[in-house]
Amino acid sequence: KLRMELRFSPLFSGSSGNAIYVGCDDVHLLVDAGMSGTRVTQELQRVGVNPHALTAILVTHEHIDHIKGIGILSRKYDLPIYASEGTWREMYDKIGAVSEKNMRIFEPCQDFFLGPIDVTPFSTPHDAAEPVGYTFELHGAKLAIATDIGCIKESWYKYVCNSDAVILESNFDPDIL
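The present account deals with the structure reproduced in this document. Nothing here was measured: the structure is a model prediction, and the numbers come from that model.

## Let's talk about unusual backbone geometry
Positive phi is not limited to glycine here, since Asp 32 has a value of about 65°. Summarising the element assignment, Asp 32 is placed in the loop between β3 (28–31) and α1 (37–46). Using a relative accessible area of 1% as the deciding quantity, one classes Asp 32 as buried. Of note, the phi angle at Asp 148 is positive, near 55°, even though the residue is not glycine.

Here it is as structure tokens:
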């Protein structure tokens, strides 16, 4: 039997919008959707991902450059949205109506599975309610994603260590602010 591969593709990065595709044969995830639903859909198609095949959206934090398109994408494709309780509290009124069945809350540092992919959200240092990064593990392959990182801290670095690939988006620095 062929082993599934963990695939990823950064779609957008920066203060104008963020979105990253992560997936395998059976599971297709979107980490953040900080552009319009139309733009995210176009970019998914450009990298060969059918938006109708998406499994879920995972949110790092509630800033608009990370959540702009999540409400419309959830409604259009009936997608669950995974976020920490603090992120849900702060983004709830910003994303439009989302079906209650598609509102998924997790605890940072508690892993969960989406199909065969082991997802671990971990706390990150950012000026948001309860921001997280994610690790994705599949058959020994590990991908880590951390957004708005401005400094290295043991609290998040330990989750990123030993990853096969790391996506860091680092345009936040509390010392500069």
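What follows picks up the thread again.
## Section: α1
Helical geometry: 3.6 residues make up each α-helical turn, so side chains three or four residues apart lie on a common side. Inspection of α1 places Gly 37, Val 40, Thr 41, Glu 43 and Leu 44 among the buried residues, and these make up the whole buried set. Along α1, the residues classed as buried sweep out an arc of 165° about the axis, all on the same side. Exposed positions of α1 whose direction lies more than 90 degrees from the buried face are Thr 38 and Arg 46.

## Side note on the environment of Lys 142
Structurally, Lys 142 can be placed in strand β10 (residues 141–146). Taking relative accessible area as the criterion, Lys 142 reaches 15% and is therefore assigned buried. A C-alpha to C-alpha distance of 24 Å links Lys 142 and Gly 34, two positions 108 residues apart in sequence. Residues in contact with Lys 142, not counting those within four places in the same chain, are Thr 135, Phe 136, Glu 137, Tyr 159, Cys 161, Asn 162, Ser 163, Asp 164 and Ala 165. From its side chain, Lys 142 meets the backbone oxygen of Cys 161 in a polar contact 3.1 Å long.

## What to know about the side chain of Ser 74
Structurally, the position occupied by Ser 74 is in helix α3 (residues 70–77). Looking at Ser 74, the relative accessible area reads 2%, which means it is buried.

## Section: the packing of aromatic side chains
Counting across every chain of the model gives 6 aromatic pairs. Taking 6.0 Å as the distance between ring centres and 75° as the angle between the ring planes, the aromatic pair formed by Phe 106 and Tyr 134 counts as edge-to-face. With a gap of 28 residues between them, Phe 106 in strand β6 (residues 103–106) and Tyr 134 in strand β9 (residues 132–138) connect regions that are remote in the sequence. Across this residue pair, the class does not change: Phe 106 and Tyr 134 are buried. Here Trp 156 and Tyr 157 contribute two aromatic rings whose centre-to-centre distance is 6.3 Å and whose plane-to-plane angle is 80°, an arrangement assigned as edge-to-face. On the accessibility criterion, Trp 156 (2% relative accessible area) is buried. One aromatic cluster in this structure is built from Tyr 82, Phe 106, Phe 112, Tyr 134 and Phe 136.

## A word on the side chain of His 61
When you line up the elements, His 61 lands in the loop between β4 (56–58) and α2 (64–67). Judged by relative accessible area, which is 1%, His 61 ranks as buried. Here the side chain of His 61 touches His 63 through a polar contact of 3.3 Å, side chain to side chain. Filtering out sequence-adjacent residues up to four positions away, His 61 remains in contact with Asp 32, His 66, Ile 67, Thr 87, His 126, Ala 128, Pro 131, Thr 147 and Asp 148.

What counts and how
Note that residues are indexed from 1 along each chain, following the sequence as it is written. In view of the model being predicted, local features appear only for residues whose pLDDT reaches at least 70, and side-chain atom pairs are presented and counted only at 80 or more, with totals across whole chains, interfaces and linings using the full set of residues. To get the side-chain values, all heavy atoms of the structure are used, and hydrogens and water are removed first. Secondary structure elements are defined from DSSP: runs of H or I of at least 4 residues count as helices, runs of E of at least 2 residues count as strands, and each element is numbered from the N terminus. Burial classes follow relative accessibility: with a 1.4 Å probe on protein chains only, a residue under 20% of its type's maximum area counts as buried, one over 50% as exposed, and anything between as partly exposed. Read the arc as the range of directions from the helix axis to the C-beta atoms. The contact definition used throughout considers only heavy atoms, calling two residues in contact when any of these lie within 4.5 Å. In protein, a polar contact requires one atom able to donate a hydrogen and another able to accept it; more generally it is a pair of N or O atoms within 3.5 Å, and residues adjacent in sequence count only if both atoms are side-chain atoms. Pairing of aromatic rings covers Phe, Tyr and the six-membered ring of Trp, with a centre-to-centre limit of 6.5 Å; geometry is then stacked below 30 degrees between planes, edge-to-face above 60, and tilted otherwise.

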